[in-house]
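As a plain string of letters, each chain reads:
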Amino acid sequence: MRTVEVLVDRDAVASGAAATGEPWQYYDLGHGWCTYSFFEQCQHRMACARCDFYTPKGSSKAQLFEAKENLKHMLASIPLTEDERAAVDDGHTAIDAPLARLTDIPTPAGPTPRELGHPATVTMLPIVEVRQGKQR
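Presented here is an overview of the structure given in this document. (Residues numbered from 1 in each chain as written. Predicted model: local features only at pLDDT ≥ 70, side-chain atom pairs only at ≥ 80, totals over all residues. Heavy atoms only, no water.)

**Considerations on the pattern of salt bridges**
Alright, step 1. If you walk through the whole model with that rule in mind, you get 2 salt bridges.
Alright, step 2. In this structure, Lys 57 engages Asp 28 in a salt bridge whose closest nitrogen and oxygen atoms are separated by 2.8 Å. Here Asp 28 lies in strand β2 (residues 25–28) and Lys 57 lies in the loop between β4 (54–56) and α2 (60–67), a separation of 29 residues in the sequence.
Alright, step 3. In this structure Asp 28 comes out as buried when scored by relative accessible area, which is 13%.
Alright, step 4. Across the pair Arg 114 and Asp 104 runs a salt bridge whose closest N-O atoms are separated by 2.6 Å. Taken together, the positions of Arg 114 in helix α5 (residues 113–116) and Asp 104 in the loop between α4 (96–101) and α5 put the pair 10 residues apart, joining distant regions of the chain. (Salt bridge = Lys/Arg side-chain N within 4 Å of Asp/Glu carboxyl O. Helix = DSSP H or I, 4+ residues; strand = E, 2+ residues; numbered from the N terminus. Buried < 20%, exposed > 50% of the residue type's maximum accessible area, 1.4 Å probe, protein only.)

**A few points about the packing of aromatic side chains**
Alright, step 1. Following the criterion strictly, the structure yields 3 aromatic pairs and no others.
Alright, step 2. For the ring pair Tyr 27 and Phe 39, a centre distance of 4.7 Å and an interplane angle of 25 degrees mean the geometry is stacked. In this pair, Tyr 27 sits in strand β2 while Phe 39 sits in the loop between β3 (32–34) and β4, placing the two residues 12 residues apart along the sequence. Of the two residues, Tyr 27 and Phe 39, neither departs from the other in class, the shared state being buried.
Alright, step 3. Considering the side-chain rings of Tyr 36 and Phe 53, the 4.9 Å spacing of their centres and the 50 degrees angle between planes classify their relative orientation as tilted. Pair noted here: Tyr 36 is in the loop between β3 and β4 and Phe 53 is in the loop between β3 and β4, with a separation of 17 residues, a long-range link.
Alright, step 4. Residue classification places Phe 53 among the partly exposed residues on the basis of a relative accessible area of 23%.
Alright, step 5. Aromatic ring contacts, followed pair by pair, group Tyr 36, Phe 38 and Phe 53 into a single cluster.
Alright, step 6. When the ring centre of Trp 33 is taken as reference, the NZ or CZ atom of Lys 57 above it lies at 4.8 Å. (Phe/Tyr/Trp six-rings, centres within 6.5 Å; stacked < 30°, edge-to-face > 60°. Lys NZ or Arg CZ within 6 Å of the ring centre and 35° of its normal.)

**Some words on the nonpolar core**
Alright, step 1. By size, the foremost hydrophobic cluster in this structure holds 13 residues, and its most contacted members are Val 4, Val 6, Tyr 27, Leu 29, Phe 39, Ala 76 and Ile 78.
Alright, step 2. Those elements that provide at least two residues to this core are β1 (2–9) and β5 (71–78).
Alright, step 3. Counting residues per element, this core draws most heavily on β1, at 3 residues.
Alright, step 4. If sequence neighbours within four positions are ignored, Val 6 has contacts with Gln 25, Tyr 26, Tyr 27, Lys 72, His 73, Met 74 and Ala 76.
Alright, step 5. If you look at the next biggest cluster of nonpolar residues, it comprises 6 residues, including Tyr 26, Trp 33, Ala 62 and Phe 65. (Core = buried A, V, L, I, M, F, W, Y, C linked by side-chain atoms within 4.5 Å. Contact = heavy atoms within 4.5 Å.)

Now the structure itself:
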(Lines give C-alpha, C1' and ligand atoms only; values in the text may rest on other atoms or scores of the structure.)
Protein backbone atom coordinates (compact mmCIF):
# COMPACT_ATOMS: atom_id res chain seq x y z
CA MET A 1 0.00 0.00 0.00
CA ARG A 2 1.10 3.54 -0.70
CA THR A 3 -0.59 6.73 0.40
CA VAL A 4 -1.15 9.66 -1.95
CA GLU A 5 -2.69 13.05 -1.29
CA VAL A 6 -6.18 13.64 -2.68
CA LEU A 7 -7.91 17.01 -2.90
CA VAL A 8 -11.70 16.97 -2.77
CA ASP A 9 -13.51 19.90 -4.38
CA ARG A 10 -16.36 20.39 -1.94
CA ASP A 11 -17.92 23.09 -4.17
CA ALA A 12 -18.28 20.60 -7.03
CA VAL A 13 -19.91 18.09 -4.69
CA ALA A 14 -22.25 20.62 -3.05
CA SER A 15 -23.35 22.17 -6.36
CA GLY A 16 -24.12 18.80 -7.92
CA ALA A 17 -21.47 19.26 -10.63
CA ALA A 18 -19.77 16.04 -9.47
CA ALA A 19 -23.00 14.13 -10.15
CA THR A 20 -22.94 15.34 -13.76
CA GLY A 21 -19.42 14.04 -14.34
CA GLU A 22 -17.36 17.09 -13.45
CA PRO A 23 -14.08 16.29 -11.65
CA TRP A 24 -14.27 16.50 -7.87
CA GLN A 25 -11.36 14.32 -6.70
CA TYR A 26 -7.80 15.27 -7.60
CA TYR A 27 -5.05 12.72 -6.93
CA ASP A 28 -1.70 14.44 -6.43
CA LEU A 29 0.89 12.80 -8.67
CA GLY A 30 3.60 15.30 -7.76
CA HIS A 31 3.90 16.65 -11.32
CA GLY A 32 0.17 16.92 -11.94
CA TRP A 33 -3.34 15.89 -10.93
CA CYS A 34 -5.39 12.83 -11.89
CA THR A 35 -9.16 13.32 -11.93
CA TYR A 36 -10.08 9.70 -12.63
CA SER A 37 -12.49 8.71 -9.85
CA PHE A 38 -11.21 5.13 -9.77
CA PHE A 39 -7.51 6.07 -9.75
CA GLU A 40 -6.65 3.28 -7.30
CA GLN A 41 -7.97 0.71 -9.82
CA CYS A 42 -6.38 2.25 -12.93
CA GLN A 43 -3.93 -0.13 -14.59
CA HIS A 44 -2.18 2.84 -16.25
CA ARG A 45 -1.54 4.92 -13.15
CA MET A 46 2.24 4.80 -13.58
CA ALA A 47 1.96 6.36 -17.05
CA CYS A 48 -0.45 9.26 -16.53
CA ALA A 49 1.02 12.13 -18.53
CA ARG A 50 -0.85 11.36 -21.77
CA CYS A 51 -4.20 10.44 -20.18
CA ASP A 52 -7.31 12.60 -20.66
CA PHE A 53 -7.81 12.64 -16.87
CA TYR A 54 -4.34 14.17 -16.27
CA THR A 55 -3.76 17.89 -15.63
CA PRO A 56 -0.12 19.03 -15.38
CA LYS A 57 0.57 21.23 -12.36
CA GLY A 58 2.20 23.90 -14.54
CA SER A 59 -1.00 24.48 -16.52
CA SER A 60 -3.33 27.39 -15.88
CA LYS A 61 -6.16 24.91 -15.21
CA ALA A 62 -4.14 23.31 -12.40
CA GLN A 63 -3.12 26.70 -11.01
CA LEU A 64 -6.76 27.83 -10.90
CA PHE A 65 -7.71 24.61 -9.17
CA GLU A 66 -4.95 24.91 -6.58
CA ALA A 67 -5.97 28.52 -5.86
CA LYS A 68 -9.58 27.51 -5.30
CA GLU A 69 -10.95 27.83 -1.82
CA ASN A 70 -13.02 25.15 -0.12
CA LEU A 71 -10.72 22.23 -0.95
CA LYS A 72 -10.43 19.40 1.51
CA HIS A 73 -7.06 17.65 1.77
CA MET A 74 -7.26 13.90 2.26
CA LEU A 75 -5.02 10.88 1.91
CA ALA A 76 -5.91 7.76 -0.04
CA SER A 77 -4.27 4.37 0.36
CA ILE A 78 -3.58 2.79 -3.01
CA PRO A 79 -2.91 -0.95 -3.26
CA LEU A 80 0.09 -1.62 -5.48
CA THR A 81 0.61 -4.54 -7.81
CA GLU A 82 3.84 -6.51 -7.42
CA ASP A 83 5.21 -4.76 -10.53
CA GLU A 84 4.35 -1.31 -9.16
CA ARG A 85 5.87 -2.21 -5.80
CA ALA A 86 9.06 -3.32 -7.54
CA ALA A 87 9.13 -0.05 -9.49
CA VAL A 88 8.80 2.00 -6.31
CA ASP A 89 11.39 -0.11 -4.51
CA ASP A 90 13.84 -0.74 -7.34
CA GLY A 91 13.51 2.20 -9.72
CA HIS A 92 12.38 2.91 -13.24
CA THR A 93 13.77 -0.19 -14.93
CA ALA A 94 11.47 -2.48 -12.94
CA ILE A 95 8.39 -0.96 -14.59
CA ASP A 96 9.40 -1.49 -18.24
CA ALA A 97 7.77 -4.96 -18.44
CA PRO A 98 4.41 -3.90 -16.94
CA LEU A 99 4.26 -0.90 -19.28
CA ALA A 100 4.86 -3.18 -22.25
CA ARG A 101 1.98 -5.41 -21.09
CA LEU A 102 -0.32 -2.36 -20.85
CA THR A 103 0.22 -1.34 -24.47
CA ASP A 104 -3.07 -2.92 -25.59
CA ILE A 105 -5.14 -2.39 -22.41
CA PRO A 106 -7.58 0.54 -22.71
CA THR A 107 -6.88 3.64 -20.63
CA PRO A 108 -9.70 5.13 -18.50
CA ALA A 109 -10.56 7.41 -21.45
CA GLY A 110 -10.90 4.42 -23.82
CA PRO A 111 -7.99 4.22 -26.27
CA THR A 112 -5.00 2.00 -25.63
CA PRO A 113 -1.48 3.46 -25.44
CA ARG A 114 -0.79 1.81 -28.83
CA GLU A 115 -3.84 3.54 -30.35
CA LEU A 116 -2.65 6.84 -28.91
CA GLY A 117 0.64 6.30 -30.70
CA HIS A 118 2.70 7.15 -27.65
CA PRO A 119 5.45 4.99 -26.23
CA ALA A 120 4.88 3.94 -22.64
CA THR A 121 6.81 6.12 -20.23
CA VAL A 122 7.37 5.86 -16.51
CA THR A 123 5.89 8.42 -14.11
CA MET A 124 6.85 7.76 -10.53
CA LEU A 125 4.27 8.66 -7.87
CA PRO A 126 5.48 10.66 -4.89
CA ILE A 127 5.56 8.58 -1.73
CA VAL A 128 3.71 10.36 1.06
CA GLU A 129 3.70 7.54 3.58
CA VAL A 130 4.87 3.95 3.69
CA ARG A 131 3.19 1.37 5.92
CA GLN A 132 4.72 -2.05 6.31
CA GLY A 133 2.30 -4.88 7.01
CA LYS A 134 3.05 -8.10 8.79
CA GLN A 135 5.47 -10.30 6.89
CA ARG A 136 3.93 -13.66 5.95
